[in-house]
Amino acid sequence: MRKLVLLLILVVLIPNNLILSEKTSEEKLPPRFKIWLEEEVGYIISPREKEVFQKLQSDREREFFMEAFWKQRDPTPGTPENEFRTEHYRRIQYANHTYGHSTVKPGWKTDRGRIYIILGDPRDIERYTGDAQIFNSEVWFFQGLTQYGLPTAFNLVFFQKNGMGEYILYSPLQHGPQAMMKNYFSDQSNHLKAYQTLRRINPTLARVSMTLLPDEPVRYGQPSLASDTLMLNVYQVPQKQFKDTYAEKFLLYKDIVEVEYSANYMDSDSLVKVIKDPSGLYFVHYLIELRKFSVDSFQDKFVTNLKVNGTITDSAEKTIYQFEGSIPFEFNESQLERITYHPFALYDMFPLIPGEYRFSVLLKNEVSKEFTSIERSLIIPEEESSPGIRPLILGYKALSSDKSSLKPFKFGKIQIYSQPRKIFHPQDTLYIGFQLYGLTPDLASSGILEFIINQDTKLQSVHEFSKRIADYKDKQNIHEEVSLAKYSPGYYQIAVRLKNGEDVVALAKERFEITPASAIPRPWVYSKTFPPLSHSGYSYDLGRQYFNKGETERARLQFESVFQKMPDSLPIALSLARVYNLEKEYHKIKQILLPFSNLSQPNYDVSLLLGKAHQNLGEFSQAISFYDKAVSSFGVNQDLLNFIGECYFRLKELEEALAAWERSLELNPNQPEIENKINSIKK
C-alpha cells in the first residue's frame, strides 16, 4: 500500500515537476510571451502546444500561434467574440481576486485558483471555518462533466494544513482524515481510527476525507484510490477539451503557408491506401474529410475554392513528385442547406513509382483562409513475389461504374465510399474491399478466403464465413458485403485470412465501430474521375518521377512513349530533352526542340538547352545565338554569361569572351575559375 500511495502521489505531482524542468526554455522567451505561457494559459495549454510554442523563433510566429491557440478553442468561430477566451480570463481575474488573500501567491497560483480556472464554478461549496477541532476546510461539489472523462458527480476538498497559509487540495491517500483535525495525536497510519474520530466531529467531512466520490462506499477504513485518480484526471481536462493537432501543423507549415492561413488550421480526418492497377501500375488513393466547409456569399450564390498541393519526397528529402489543383464550388441556398450539417470529403489519387516515400498534402480554403494537411509514409514495392493481402478498406457505400474509368478507392468496377473513423450504424451494410497479390495457380484454384468478425469484449467470433478464390470472377479485386442489422453497438475487428488448406498464407485486419447513435452524418463527396490508363498523362507523370529520382533510363522510356503520341507538347519535349542532355545525346535535343525555337513567346529552357546542345557539339556560333535569345527575352544571369564567354573563347573572339566573363564576375565575384580565365586572356 505504501508503494502504491507513493506512486500515485508522484503521478499527481508530475505537472508541477514538468513546469520546473522546462524553466530553461521559458526563460529565453520575451517577458510578455513568458507571462502568457506561464500565467495566462499555463493550466490549459497541452504539452504538445507548449513544446511547439517554445520552438518558435520570432515574436511574429508567437503572435500567430497565440491567435491559433484561441481559435481552436472558440465555440462560435463565426462571431466576433471568443467566448472561451473571455470566460478563461474572467476565471483568472476571479481567482486572483478571491483566493490570493491568505498567501503571498497570486490567486491563480493557489490550488483553489487552479481548479477554478480548469473547471469553473462548482455546483455547491460547503465551508467549515472557525471550528475548534478541525482545520478550515471547503468541499466543492461538481456535476455534469462526464464529457471530460470525469465521474457524474464528485467532490474536491481544500483545507488549511496545520491551520496556516493557503488552502491546499486535499488527497485522501496523501493526507488522510487525521490531517484535517487540530488535536489528533493517535497513530497517524491508522486511517480507520482517524476516520471514526472525525465522523464523530463532522460526518460529512469525514466521508469526503476517505473518498471524493459520493457513490463510492467507505471500505475497511482505507482511503480511496479512485479519488487520487480523479484528481489526476481533473488536471487533464484541458487536454481532453480540444485537439492539439493544429500545433504540430503550425510548426510544420509556418514557413510554407501564407501568413493569413497560419493561425486557421481546420481539423480533419484522412485515409490513404495504395492500390495496384491490373496493368501493374500503383496508385496512391487518399481522402481528406473536413468537419466544416466554409463558403462566402455572392448575390444569391455561395462560393468557395479549395487549393490542393501534394508532395512526394524520398528518404533524403528530395522531391520526387509534386501536384496541385484548384477546385471551385458554387451552391444555391437549397444546396447549401442540404450539406450544412454534413462533413465534406475530397477523394483523389495519383500514380507512383516503386520506392519509400513521405507523402504530404496541403489543402487550403481560399475563401475562409483555412488550411489542413495530411502526412504519411508510403512504400511502393518493386515486386511482389509471395502471396499477400493488401490493407482492407471498409466502406458505408459502394457504387458500380465502368471498369475503364479510374476513380479513387475503386477496385475493378466497384468504388467504395469510406470514412477514416470507420463508424457504422446497425442499419448499414459493411462493404469490404481489398486486393490479393502474388497468387500461385494452386492458390487461385483451391485457395480459401476466410472472413472473421470479432467484438473486442468477446473472445469468440460474432460472424464467420468463407469463400473459394475460384468463385470470384476478379481474383485480384475482392468485394464482400456484411449486413450489420444484428450487431450490437461496440468495437469490432474484421480479419481476412488467405488459406491454402489449413495453412494461413496471409492475414489482414481492420477495426471498426458500431455506434448507438440514431444517425451518422455521412459526408458529401467530391470524387475526381480520371481517364483510362492509355492516356498520355500517366506516362508523363511517371517519367517526371523517375527523372527526379535519378533513374534516367526509365524516365527516357516514359517520355519517349508519350512524345511519340504528343510531339507538339512543349512540356513533354522539354522533359525528354533534359534526359537527352544528361545522356549527352545532343543531336536528339536539336531534333525535338528546334520546332519550338521560334515561338511567339520565347521559352527560356528551350533556348538554354539548344544553346548547350550546340555548344557541346562544337557549334559555338549557333550556341551563342540561342544564348543571346535567352538573354534578350529573360535577362542576364551568371550561367548564361559564362556559357557565352566560353563559346566566344573557343571561337578565339577574346574581347567578347572577356566582356561576358567580366560581367559575370560583377554578378558573382566568387568565381575563381572565371578569374583565372580572365587573367589568362589579359596576359
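Residues numbered from 1 in each chain as written. Predicted model: local features only at pLDDT ≥ 70, side-chain atom pairs only at ≥ 80, totals over all residues. Heavy atoms only, no water.

A. Focus on the nonpolar core. Of all hydrophobic cores here, the largest spans 62 residues; its most connected members are Y286, I312, F350, F359 and L593. Counting residues per element, this core draws most heavily on helix α18 (residues 570-582), which supplies eight residues. I312 has contacts with K318, T319, I320, Y321, F350, L352, Y357, R358, F359 and L378, leaving out every residue within four places of it along the chain. Judged by nonpolar contacts, the second largest core, of 43 residues, contains Y128, A194, M231 and V234. (Core = buried A, V, L, I, M, F, W, Y, C linked by side-chain atoms within 4.5 Å. Buried < 20%, exposed > 50% of the residue type's maximum accessible area, 1.4 Å probe, protein only. Helix = DSSP H or I, 4+ residues; strand = E, 2+ residues; numbered from the N terminus. Contact = heavy atoms within 4.5 Å.)

B. Just the sheet that holds strand β10 (residues 344-351), in detail. Read from one edge of the open sheet, four strands run β5-β6-β10-β25, paired in mixed fashion. Taken across any chain shown, the strands that pair with only one partner, and hence form the sheet edges, are β5 (268-276) and β25 (524-527). Direction aside, the axes of adjacent strands within the sheet are offset by 15° on average. Sheet analysis places β5 next to strand β6 (residues 282-290), joined by nine bridges and oriented antiparallel. Counterpart to L271 in the pairing with β6 is L287. (Pairing = 2+ DSSP bridges. Axes fitted to C-alpha atoms, helices over the stretch in contact; angles between N-to-C directions.)

C. Examining the packing of aromatic side chains more closely. Summed over the entire model, instances satisfying the criterion amount to 50 aromatic pairs. Considering the side-chain rings of F53 and F65, the 5.6 Å spacing of their centres and the 50° angle between planes classify their relative orientation as tilted. Placement of the pair is F53 in helix α4 (residues 47-55) and F65 in helix α5 (residues 59-71), with a sequence separation of twelve residues. No difference in accessibility class separates F53 from F65, as the two residues are buried. Note on Y487 and Y492: the rings are 5.5 Å apart at their centroids and 65° apart in plane angle, and the pair reads as edge-to-face. Just as Y487 is buried, Y492 falls in that class too. The rings of F33, W36, F53, F65, F69, W70, F84, Y89, F242, Y246 and F250 are connected pair by pair, giving a single aromatic cluster. A cation sits over an aromatic face here: R62 above F33, 5.7 Å from the ring centre. The ring of Y167 carries the charged tip of R112 above its face, separated from the ring centre by 4.1 Å. (Phe/Tyr/Trp six-rings, centres within 6.5 Å; stacked < 30°, edge-to-face > 60°. Lys NZ or Arg CZ within 6 Å of the ring centre and 35° of its normal.)

D. Quick peek at the environment of A508. With respect to the helices, strands and loops of the structure, A508 is situated in strand β24 (residues 503-514). A508 gets classed as buried once you look at its relative accessible area, which sits at 7%. Sequence-wise, A508 and L346 are 162 residues apart; in three dimensions their C-alpha atoms are separated by 26 Å.

E. Structural view of the side chain of S607. Position of S607 relative to the elements: it lies in helix α20 (residues 604-616). Accessibility expressed as a relative area gives 4% for S607, which makes it buried. Apart from the residues within four sequence positions on either side, S607 is in contact with F626, K629 and A630.

F. Structural detail: the pattern of salt bridges. Applying the stated rule across the entire model yields 45 salt bridges. As a salt-bridge pair, R32 and E63 come within 2.4 Å of each other at their nearest N and O atoms. With R32 in helix α3 (residues 31-40) and E63 in helix α5, this pair connects stretches of sequence that are 31 residues apart. With a closest N to O distance of 3.2 Å, R544 and D541 form a salt bridge. Taken together, the residues R544 and D541, both in helix α16 (residues 536-549) and three residues apart, mark about one turn of the helix. One network of salt bridges, with partners in common, ties together K243, D267, D269, R291 and R421. (Salt bridge = Lys/Arg side-chain N within 4 Å of Asp/Glu carboxyl O.)

G. Broad picture of the sheet that holds strand β21 (residues 461-468). With mixed pairing, the five strands of this open sheet are ordered in space as β18-β24-β23-β20-β21. Since the sheet does not close on itself, it has two edges, and those belong to β18 (423-424) and β21, each with one partner. As paired elements, strand β20 (residues 448-455) and β21 share seven bridges and run antiparallel to each other. Pairing of L449 across the sheet is with K467, part of β21.

H. The pairing of β20, seen in detail. The element β20 is extensively covered by neighbouring structure, given that seven of its eight residues are classed as buried. As judged from the eight bridges shared by β20 and strand β23 (residues 490-500), these two strands associate in the antiparallel manner. Looking across to β23, one finds that L449 is bridged to L498.

I. Just the environment of Q545, in detail. Mapping Q545 onto the fold places it in helix α16. Through-space distance from the C-alpha of Q545 to that of I320 is 5.3 Å; in sequence the pair is 225 residues apart. When sequence neighbours within four positions are dropped, the list of residues in contact with Q545 reads I320, Y321, P351, L352 and I353.

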